Amino acid sequence: MNRLMIVASAMVVAGCAFNPETMPVMERDQSVYVDKGAPKRGNEVKAKVAVVVSLGEYKQYAAVGRSLSSSLCDKISKFAFFDLVDRESTEALLQEKVAGADDPTDVALNKISSDFVVIAKLTSIARNNMGVSSSVDAQFDFSWISMGEDRKVILKKNIRPTVAAALNTTDENGVLCLAAEKAALEFTREIASKYAPPARVLQTRGNGAAARISIGQDYGLDKNMEVEFYEIVDNSDMGGSARDNSMIGRGVVRSVEAKAAWVEVLDFDKVNVRRGVYVRIIGMRESVSSRLIENSGINNVF
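As the structure is a prediction and not an experimental result, all values here were calculated from the model.

**Student:** Give a description of the sheet that holds strand β11 (residues 261–265) that names residues and reports values.
**Tutor:** The 6 strands lie next to each other as β7-β8-β11-β10-β9-β12, forming a closed barrel whose pairing is antiparallel. Neighbour-to-neighbour, the strand axes of the sheet open up by a mean angle of 45°, direction not taken into account. Pairing analysis gives 4 bridges linking strand β8 (residues 210–213) to β11, with the strands arranged antiparallel. From the neighbouring strand, Arg 212 faces β11, where its bridge partner is Trp 262.

**Student:** Account for the confidence of the model for the protein chain, with residues named and values stated.
**Tutor:** On average, the protein chain scores 78 in pLDDT, and the residues at 70 or more come to 75%. Ranking the elements of the protein chain by mean pLDDT puts helix α6 (residues 290–294) last, at 32, and β8 first, at 96. Note that pLDDT drops below 50 for residues 3–15; the model gives that stretch 22 contacts with residues more than four away or on any other chain. Across residues 283–302, where pLDDT falls below 50, the model places 54 contacts with residues more than four positions away in sequence or in other chains.

**Student:** If you had to explain the nonpolar core to someone new, which residues and values would you point to?
**Tutor:** Within soluble globular proteins, side chains that are nonpolar tend to cluster in buried spots. Counting 69 residues, the largest nonpolar core has Phe 140, Trp 144 and Phe 229 as the members making the most contacts within it. Here this core takes 11 residues from helix α5 (residues 172–195), the largest share from any one element. Setting aside residues up to four positions removed in sequence, Trp 144 forms contacts with Val 49, Phe 82, Phe 116, Val 117, Val 118, Lys 152, Val 153, Ile 154, Leu 155, Phe 187, Ile 191 and Tyr 195. Residues Ala 50, Val 52, Ile 112 and Ile 145 belong to the second largest nonpolar core, which totals 9 residues.

Reading the values: the criteria
- Counting restarts for each chain: residues are numbered from 1 in the order of the written sequence.
- Given that this is a predicted model, residues contribute local features only at a pLDDT of at least 70 and side-chain atom pairs are listed and counted only at 80 or more, while totals for whole chains, interfaces and linings are drawn from all residues.
- Each side-chain value is derived from all of the structure's non-hydrogen atoms; neither hydrogens nor water enter the calculation.
- Being paired, for any two strands, means DSSP has found at least two bridges between them.
- Secondary structure follows DSSP: runs of H or I at least 4 residues long count as helices, runs of E at least 2 residues long count as strands, and numbering of each begins at the N terminus.
- Axis definition: a line fit to C-alpha positions, over the contact stretch in the case of helices; interaxial angles, taken between N-to-C directions, run 0 to 180 degrees.
- Residue-level confidence of the predictor is what pLDDT reports, using numbers from 0 through 100.
- In what follows, a contact means two residues having at least one pair of non-hydrogen atoms within 4.5 Å.
- Think of a nonpolar core as a cluster: buried Ala, Val, Leu, Ile, Met, Phe, Trp, Tyr and Cys residues, connected wherever their side-chain atoms sit within 4.5 Å.
- Here the term buried applies to any residue with accessible area under 20% of the maximum for its type, exposed to any over 50%, and partly exposed to those in between, with areas from a 1.4 Å probe on protein chains only.

Below, the structure is given as structure tokens:
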């Protein structure tokens, strides 16, 4: 390990907070990865998403429903690849009474005009007393539904956040609203990890110890999310694809801006993360629509 690498390692490991702004730009930070076969830049195509919330047998917790709906809408509206269907028109559909429909979500699914629908249901509430304190468990069931000709559920997740509460608290609604917000955050992170298009490394510092990437809150990124760095390789001579992904390292998101983020590169001295390298959120293996990735324009940052 050369002297510059030792300096960079010391800055990351020495116990000081991760701060890319204080890291020097070193020799390795000058190198650039170029993907000569990257598709040309196109206009981004957004998918329309509607949010539907159902309280089921817990209709007395209307505030929880509002909190769940607001949290989902707030997060999804920030995603650059989605357009949110007007919330008021969606809620109006839920108020409609249709003969033979036991669940208002059935009505919404038949009348909402969108590419995708998120259905969020409050399905159970439990309170656990533990001496001088207590906790409230609430289960929320989420479904992500494609509204194409062959309507299908493409993602389901049951989330059961636990929120601590004082033993004598009378604000159960407030505690459950916090649980709803936690559940909405976890589910929208799941959407981000599966559907955000690939990003690129815009710059590195500290000999590759820190990487600035080209997505942020606009693609659902959040602190402490894990990402994977990769390059495109040609494996056609071995029976593979001419554009296979080849992972070169991983990292952890440490700070997020509207359209960018700083990532701490794990084992940076053993990997070659550099400007131009591709980035994806760990677990992302599919896209909402192939056209969202093909026309995202991310490939042509360089």
